[in-house]
Structure formats: structure tokens, C-alpha cells
Amino acid sequence: MARESESGLPIEPVYGPDTLAGWDPAEKLGEPGAYPFTRGVYPSMYTGRPWTMRQYAGFGTAVESNARYKQLIANGTMGLSVAFDLPTQMGHDSDAAIASGEVGKVGVAIDSIDDMRILFGGIPLDKVSTSMTINAPAALLLLMYQLVGEEQGVAADQLTGTIQNDVLKEYIARGTYIFPPKPSLRLIADIFKYCKAEIPKWNTISISGYHMAEAGASPAQEIAFTLADGIEYVRTAVAAGMDVDDFAPRLSFFFVSRTTILEEVAKFRAARRIWAKVMREEFGAKNPKSLMLRFHTQTAGVQLTAQQPEVNLVRVAVQGLAAVLGGTQSLHTNSFDEAIALPTDKSARLALRTQQVLAYETDVTATVDPFAGSYVIERMTDEVEAAAVELMAKVEELGGAVNAIEHGFQKGEIERSAYRIAQETDSGERVVVGVNRFQVETEDPYEPLRVDPAIEAQQAARLATLRAERDQAAVDAALAELKKAAEGEDNVLYPMKDALRARATVGEVCNALREVWGTYVPTDAF
Ligand SMILES: C[C@H](C(=O)O)C(=O)SCCNC(=O)CCNC(=O)[C@H](O)C(C)(C)COP(=O)(O)OP(=O)(O)OC[C@H]1O[C@@H](n2cnc3c(N)ncnc32)[C@H](O)[C@@H]1OP(=O)(O)O
């Protein structure tokens with residue numbers, strides 16, 4: 001009997017040559033590194049260079065996070081990935097009333113250029129690529145990174161990295177939005193233009209399905225809604241006067257990797273094929289780099305369990321393997337204790353070691369796209385692609401990603417899928433080892449890492465010093481210029497950079513924009 005995949009598609013007990021009757025490898029696959037990029041974005045893939053091992057980290061103050069980054073680099077990590085605390089993500093200073101209790105909790109607290117300088121102290125920005133998971137205030141953090149680079153003597157055209165900058169999925173699944181869709185999209189177009197002119201090697205956005213998947217989206221929904229968001233961004237930038245080949249090579253993506261290896265591999269391959277077609281056929285992109293869907297992967301946090309947490313090491317290895325077999329460019333493997341608390345030094349190291357085993361002890365990196373031609377993988381790739389394309393057509397019928405968000409479409413679909421998963425887990429139909437089967441009577445005690453609550457007061461004291469020391473008139477003048485640009489059509493990033501250089505804080509800059517653009521309030525249907 002056929003089993004159902006996570007996307008609700010059939011998985012037959014046996015596939016054979018008939019499965020691929022009429023299937024044309026030239027059309028469906030092409031060569032690795034060539035249209036439609038099913039087999040991967042680079043001709044040599046990991047035989048030329050392994051994926052970037054990029055562990056998401058950050059907590060407490062810039063001092064603690066800087067120490068963690070140095071430890072990760074010493075252990076062999078290949079790129080940095082910064083987690084910011086919620087106040088920073090929402091554009092509030094650490095001493096704002098609304099920040100109370102959250103400072104430094106889920107990531108590092110960054111209030112100003114002073115914190116950013118400490119965060120990257122002793123880390124040469126021309127040698128490392130840095131991803132920053134920041135959305136509504138993405139422009140601010142990017143500019144502060146550029147300013148720190150300037151202080152280190154690193155020219156902007158030498159900087160490499162990524163800002164997440166994907167506000168549409170914040171409305172759908174993640175929640176750290178500030179402004180309404182229209183000014184948010186305008187800000188994103190300003191970022192694309194600024195990077196093209198000033199920081200050309202920067203990946204300007206990481207269009208993310210990960211959080212939708214964590215909220216319950218199936219693999220087909222995950223790629224459909226993510227690619228639909230991608231289409232909205234491309235339309236926005238084109239409408240703002242950019243040539244598609246001027247910004248599309250620097251778009252990047254971010255997906256989850258679950259324990260269901262076969263469907264995940266199919267998903268990654270299908271996503272590449274859909275994006276290549278959309279970019280060529282709908283947007284007329286000519287540069288092959290514009291057609292390449294490059295992506296980061298994080299292993300599925302939602303599949304980790306607080307029960308028997310060491311079992312998560314095994315899950316993460318399987319999930320990481322799926323990402324590598326699917327051709328990811330960059331990977332974060334979760335730490336086994338992440339269902340309980342922030343990773344300790346040891347668990348963060350073990351997570352990285354998992355990637356190193358995959359890269360250097362297995363043979364899956366010895367040949368490109370090892371699953372190509374497999375009856376089941378090629379069939380599933382076609383089926384996930386068809387399911388995703390169908391969902392993307394529904395988004396189009398609703399008028400594109402933003403209108404569909406305002407109708408509550410993506411959220412509703414994801415919630416239905418999440419409900420199905422919860423029901424299957426409750427009934428035992430979906431086995432979760434250690435949770436609904438193979439439990440133990442008593443769990444081993446576990447001592448999680450805790451963030452020191454005193455850091456909130458420390459950050460507030462730093463802010464008080466900063467406000468006393470800086471040239472307030474210069475800050476006020478720069479913020480006034482920023483507001484003027486936000487009211488009109490000038491690129492806001494240039495006056496924003498002047499304000500940040502003058503030591504305006506994250507909260508002050510975001511408040512200036514809030515005054516002009518307002519804030520987003522979800523609609524009832526949402
Ligand atoms: C859950 C949590 C939350 O808070 O909610 C989160 O969201 S955490 C979210 C965390 N997010 C992230 O960490 C996102 C990470 N994203 C990225 O790093 C990027 O956007 C990425 C996916 C495009 C990967 O970039 P990367 O620099 O690591 O890797 P690339 O593939 O671009 O490779 C780096 C350079 O090496 C070259 N290169 C790589 N492989 C090959 C090969 N086989 N042959 C020839 N060249 C190659 C590339 O062309 C590129 O150079 P050139 O550039 O010159 O072409």
C-alpha cells in the first residue's frame with residue numbers, strides 16, 4: 001500500500017523503470033550547474049568546495065557572542081550566522097519598556113554601532129562571510145556591519161554575507177515585522193539598490209521557508225509560499241526600476257531539512273527547477289546566476305524532542321544528510337539540546353562535528369547529485385514540483401503573495417497542515433521516538449545554559465553612557481534627514497548610515513521610520 005509523504009503525496013513500496021517512462025533527463029535535469037539546475041547550482045558542487053558550515057549563534061551581550069563566534073571559528077566553522085535578541089529584531093533599544101525580560105535571550109543584544117564593534121572585534125570581516133538573521137531592521141544591521149568593516153579598513157566591496165530581510169514570511173509565520181507591507185517592500189528595494197552600488201557581493205535577502213515549515217507547512221507548501229514571496233520581491237525591485245539581472249544573482253533562499261530524507265531531497269531539487277523556470281520565463285533573466293536558487297538549510301528544530309535529548313544527535317545527522325544530498329550551499333545543524341535551551345559550548349561543537357563527519361567521513365560528497373536518476377527521487381521531484389506549482393497558482397489567483405497574506409491564505413493552509421501533524425502524533429500514527437513510543441520512565445537530569453538576567457541592566461547602562469557622550473545635535477540632524485528620505489523617494493540607506501555612524505541607536509532609527517511609515521496591524525482574517 002502506498003504511504004503518504006509529508007506533502008500528502010503517495011510513496012509506493014516499489015518503483016521501477018516504468019516510473020520514469022517518457023521522462024526526459026535532458027529536460028528535467030540538464031547538467032549540474034546548468035539550467036534548470038535540478039542537479040545543483042555549481043558544476044562541481046562539493047567535489048569543488050564543500051558547503052559552508054554556518055552555525056546560527058548569539059546570546060547575551062556582544063562580548064559573550066563574540067567569544068562564541070571565536071570558539072566556532074577555532075572549531076572549524078566556515079561562516080558566521082548571527083542570532084539577534086527580540087528587542088533588536090523588533091527595532092527597540094534594550095532600555096525600552098517593551099524590551100524588559102527579553103534582552104539577550106534568544107540572541108545577542110545590539111543597540112548601536114558600539115555593540116556591533118564588540119560583536120566583530122578580532123574577526124577580520126574580509127575573511128569571513130556573515131549571515132545576520134534580521135528582517136524589519138535589516139538595513140540598520142547591514143550598515144553597522146559596513147561601518148565596522150570601514151573601521152577595520154575593509155572596503156565594502158570585500159564584504160560577503162547575507163541579511164535575512166524577508167519581511168513577507170514574518171507576516172506569515174515568524175512575527176518580527178514592524179512596518180506595513182508597502183513601506184517594507186520599498187525598504188527592501190532600497191536595500192537591493194544600495195547593495196548593488198555599494199556592497200556588490202552581499203546576498204541581499206534570504207527568502208525563507210524554514211519558519212513556515214516550523215509552523216507546520218508541508219514540503220510542497222514550504223517551497224510554494226517561499227517562491228511566491230520571491231516572486232513578489234522580484235516584482236517590487238523591477239517596479240522600482242531595477243533590471244532583473246542587476247539584483248537577482250544576489251537573492252538567496254533558506255529551507256528546512258526534515259528527517260524524511262527522500263522527500264526533502266526531492267523538495268530541494270524541485271525548488272531549484274521551479275525558480276530557474278520562473279526567472280527565465282516570467283522575468284526574462286539572462287544571467288545564469290539570476291536563475292540559480294542558492295540556499296541555506298537548517299535542520300528541523302520542530303522535530304527535536306526534550307525527552308531523551310541525545311536522540312536528537314541522530315535526528316540532526318539524518319536531517320543534515322538530507323540537506324547535503326539535496327545540494328545545499330550552507331548548513332546549520334541544530335544542537336541536541338535546542339528543544340530545551342540555548343546550546344552549550346559542548347553541544348554547539350557536537351552539532352558542527354556532525355557536519356564535519358558528513359563532509360569528510362562519508363562518501364556523499366564524492367560525486368554530484370548522487371540521487372539523480374533514482375526512480376523514486378525523480379518521481380518525487382516531479383510530484384513535489386507539481387504540487388508546489390499548483391499552490392503558487394492559487395497565490396497568483398489571490399493577486400500575489402501580499403494579497404494572499406492579507407486574505408490569510410498561506411497561514412490558513414499551514415495551520416491545516418500543522419493540525420494534521422498534531423493529530424497524527426497524538427494518535428500514535430506518526431512515531432516520535434521517546435515521545436509517543438520507546439519512552440523511558442525517568443529522564444536523565446540536564447543542566448541547560450542560562451542567560452544572565454543582569455545583562456539587561458548592563459545594556460541600559462551602556463546606552464546611558466552612549467547618549468551622554470555622543471553629539472546629540474548630529475544625531476537629531478541625521479534622523480531628520482532619514483525621515484525626509486522616508487517621506488519622499490530617496491534611498492533611505494544613505495541618511496540611515498549617517499545616523500548610525502553618529503551613534504543613533506537601533507530603537508531611535510526604527511522609531512523615526514515608525515513615525516513616517518506607521519506599524520503593521522494584522523487584519524482580522526489573518
Ligand atoms: C531559525 C532562525 C530564526 O531566528 O528564526 C533563523 O532564521 S536562522 C537563519 C540563518 N540563515 C543563514 O545562515 C543564511 C545563510 N545564507 C547564506 O550563507 C547565503 O545566502 C547562501 C545560501 C547563498 C550561501 O552563501 P555562501 O557564501 O555560504 O556559499 P556560496 O555557495 O555562495 O559559496 C561561496 C563562494 O564559493 C563559490 N563556490 C561554492 N561552491 C563552488 C563550487 N563547487 N565551484 C565553484 N565555486 C563555488 C561560490 O560561487 C561563492 O562565490 P561568489 O559569491 O564569488 O559566487
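Residues numbered from 1 in each chain as written. Predicted model: local features only at pLDDT ≥ 70, side-chain atom pairs only at ≥ 80, totals over all residues. Heavy atoms only, no water.

1. Comments concerning helix 12 (residues 261-282)
Here is the rule: For helices the rule is a DSSP run of H or I covering at least 4 residues; for strands it is a run of E covering at least 2, with both sets numbered from the N terminus onward. To estimate the expected span of a helix, count its residues, drop one, and scale the result by 1.5 Å. The buried label applies to any residue whose accessible area, calculated with a 1.4 Å probe on protein chains only, is under 20% of its type's maximum; exposed applies above 50%, and partly exposed to all values in between.
Between the first and last C-alpha of helix 12 there are 31 Å, a value that for 22 residues agrees with the 32 Å anticipated at 1.5 Å per step. Taken across its 22 residues, helix 12 has 16 buried, putting it largely inside the fold. Positive phi appears at Gly 284, one or two residues downstream of helix 12, with a value of about 65 degrees.

2. Here's the deal with the site of the ligand
The criterion, for reference: Summary of the distance rule: residues count as near a molecule or strand when at least one heavy atom falls within 4 Å of that molecule or strand. Polar contact is the term for a pair of N or O atoms within 3.5 Å; when the atoms are in protein, one must be able to donate a hydrogen and the other to accept it, and sequence-neighboring residues count only if both atoms are side-chain atoms. Areas reported here follow the Shrake-Rupley algorithm with a probe of radius 1.4 Å; residue values treat only the protein chains shown as occluding. Gly is placed with the polar residues, together with every amino acid not listed as nonpolar (Ala, Val, Leu, Ile, Met, Phe, Trp, Tyr, Cys and Pro) or charged (Asp, Glu, Lys and Arg).
Near the ligand there are 25 residues, and of these Tyr 42, Thr 52, Tyr 56, Arg 174 and His 211 occur at the shortest range. Contact distances for the ligand include 2.8 Å between a nitrogen atom and a backbone N or O atom of Met 45. A distance of 3.1 Å is found between an oxygen atom of the ligand and a side-chain nitrogen or oxygen belonging to Ser 131. Burial of the ligand by the protein amounts to 79% of the accessible area it has alone, namely 1100 Å². If you list the elements that add at least two residues to the shell around the ligand, you get strand 3 (52-57), strand 5 (129-133), helix 9 (210-214), strand 9 (251-257) and strand 10 (295-299). Of the residues assigned to the shell around the ligand, the class counts are six nonpolar, 14 polar and five charged.

3. Here we look at the layout of surface pockets
Heads up, the condition is: A 1.4 Å probe that fits into a set of points on a 1 Å grid over the protein atoms alone but cannot get out defines a cavity; an open set with protein on both sides within 12 Å along at least five of seven lines defines a pocket, and lining residues are those with an atom within 4 Å of a point. Grid points are joined across faces, edges and corners, and a volume is the space filled by probe spheres set on the points.
Taken as a whole, the second largest pocket holds about 920 Å³ of empty space. Forming the walls of the second largest pocket are 33 residues, and the residues nearest its centre are Glu 6, Gln 303, Ile 421, Arg 430 and Val 432. Of all the secondary-structure elements, those providing two or more residues to the lining of the second largest pocket are strand 1 (3-4), helix 9 and helix 18 (409-427). With six residues, the top contributor of residues to the lining of the second largest pocket is helix 18. For the lining of the second largest pocket, the class distribution of residues is 14 nonpolar, nine polar and ten charged.

4. What to know about the pattern of salt bridges
Operational definition: Salt bridge, as used here: a side-chain nitrogen of Lys or Arg that lies within 4 Å of a carboxyl oxygen of Asp or Glu.
Applying the stated criterion to the full structure yields 38 salt bridges. The salt bridge involving Arg 39 is made with Asp 369; its shortest N-O contact spans 3.0 Å. One end of the pair, Arg 39, is in the loop between helix 1 (25-28) and helix 2 (45-48); the other, Asp 369, is in the loop between helix 15 (345-360) and helix 16 (375-397), with 330 residues separating them in the sequence. One salt-bridge network, in which partners are shared between bridges, spans Glu 4, Glu 6, Arg 420, Glu 424 and Arg 430.

5. Some details on the environment of Thr 328
Condition: Contact between two residues is taken to exist if any of their heavy atoms lie within 4.5 Å; hydrogens are not considered.
For Thr 328, the position within the fold is in the loop between helix 14 (311-325) and strand 11 (330-332). Here Thr 328 falls in the buried class, since its relative accessible area comes to 0%. The spatial distance from the C-alpha of Thr 328 to the C-alpha of Arg 269 is 9.9 Å, given a sequence separation of 59 residues. Every residue in contact with Thr 328, bar those within four places of it in the chain, is listed here: Tyr 46, Trp 51, Phe 295, His 296, Thr 297 and Ala 323. For Thr 328, the side chain forms a polar contact with the side chain of Thr 297, separated by 2.7 Å. Within the structure, Thr 328 has its side chain in polar contact with the backbone oxygen of Ser 330 (distance 2.9 Å).

6. Here we look at the pairing of strand 4 (residues 79-83)
Note the threshold: Strand pairing requires that DSSP identify at least two bridges connecting the strands. A clockwise course of the path from the first strand over the helix to the second, judged with the strands pointing away from the viewer, identifies a crossover as right-handed.
The element strand 4 is extensively covered by neighbouring structure, given that five of its five residues are classed as buried. With burial as the criterion, each face of strand 4 is covered, one bearing Gly 79, Ser 81 and Ala 83 and the other bearing Leu 80 and Val 82. Sheet topology note: the strand 3/strand 4 ladder contains four bridges and is parallel. Bridging across to strand 4, Arg 54 finds its partner in Gly 79. The parallel pair strand 3 and strand 4 is bridged by helix 3 (residues 62-74), and the resulting crossover is right-handed. Examined bridge by bridge, strand 4 and strand 5 share four bridges and lie parallel to one another. Each residue of the ladder has a partner; that of Val 82, found in strand 5, is Met 132.

7. A few points about the side chain of Ser 112
As for its position among the elements, Ser 112 is in the loop between helix 4 (86-89) and helix 5 (113-119). Those residues in contact with Ser 112 that sit more than four places away from it in its chain are Met 144, Leu 466 and Ala 504.

8. Section: the UniProt feature "domain: Methylmalonyl-CoA mutase alpha/beta chain catalytic" (unreviewed entry) in the protein chain
Heads up, the rule is: UniProt positions are given in the numbering used here, feature names are shortened, and annotations may be inferred rather than shown by experiment.
Here the UniProt feature "domain: Methylmalonyl-CoA mutase alpha/beta chain catalytic" (unreviewed entry) sits at residues 5-518. A helix fraction of 51% and a strand fraction of 8% characterise residues 5-518, whose end C-alpha atoms lie 43 Å from each other.

9. Things to note about the state of the cysteines
Our working rule: Sulfur atoms of two cysteines make up a disulfide when they are within 2.5 Å.
According to the stated counting rule, one finds zero disulfides in the structure shown. Cysteine Cys 195 shares no disulfide, and the gap to the nearest cysteine sulfur, in Cys 510, comes to 17 Å. Looking at Cys 195, the relative accessible area reads 2%, which means it is buried. The exposure class assigned to Cys 510 is buried, which follows from its relative accessible area of 1%.

10. Quick word on the sheet that holds strand 6 (residues 160-163)
Let me state the cut-off plainly: Throughout, an axis means a line fitted to C-alpha atoms (over the contacting stretch in the case of helices), and angles, computed between N-to-C directions, take values from 0 to 180 degrees.
With parallel pairing, the nine strands of this open sheet are ordered in space as 7-6-5-4-3-11-10-9-8. Because the sheet does not close on itself, it has two edges, and the strands there are strand 7 (202-203) and strand 8 (205-208). When strand 5 meets strand 6, the two strands line up parallel, connected through four bridges. The residue of strand 6 that forms the bridge with Thr 130 is Gly 161. Together, strand 9 and strand 10 form the strand contacts of helix 12, whose direction differs from that of strand 9 by roughly 160 degrees.

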